[in-house]
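Structural overview
Listed here are the chains, written in short residue letters.
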Amino acid sequence: MVLLQEKRIYDLKKKNQELEKFKFVLDYKIKELKKQIEPRENDIKAMKEQIQEVGTHAGAHMCTHTRAHTHTHVRGIQVTSEQ
């Protein structure tokens, strides 16, 4: 009975060591992936800010047009129609 318990303890300790090694490897991989993600997150943040600036600029630009003309941009082509 004692021998079975000792064997069980030994097996559990061995399994624990294997899991600790696996955890170490996964922690390392997570850190590496975070290093890769961080610059992309910064790029996304900068692009969102640029989009907001362009949107603000476009909104101000649209307000300066007279009601006599409507400007529509379709795939990079500006179409102007008179009302």
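Scroll up to find the structure.
What comes next concerns the included structure. (Residues numbered from 1 in each chain as written. Predicted model: local features only at pLDDT ≥ 70, side-chain atom pairs only at ≥ 80, totals over all residues. Heavy atoms only, no water.)

**Some thoughts on the overall build of the protein chain**
Secondary structure summary: the protein chain contains 1 helix and 2 strands in total. If you list the helices and strands of the protein chain from N to C, you get α-β-β. Looking at the protein chain residue by residue over its 83 residues, the buried ones come to 0%. A total accessible area of about 8,500 Å² is found for the protein chain, and carbon and sulfur atoms account for 60% of it. (Helix = DSSP H or I, 4+ residues; strand = E, 2+ residues; numbered from the N terminus. Buried < 20%, exposed > 50% of the residue type's maximum accessible area, 1.4 Å probe, protein only. Areas by Shrake-Rupley, 256 points an atom, 1.4 Å probe, with all protein chains shown as cover.)

**Side note on the pattern of salt bridges**
For the structure shown, the criterion picks out 3 salt bridges. Lysine 23 is paired through a salt bridge with aspartate 27; the nearest N and O atoms lie 3.1 Å apart. With lysine 23 and aspartate 27 both in helix α1 (residues 2-64) and 4 residues apart, this pair spans about one turn of that helix. Classification of lysine 23 by relative accessible area gives partly exposed; the value is 46%. (Salt bridge = Lys/Arg side-chain N within 4 Å of Asp/Glu carboxyl O.)

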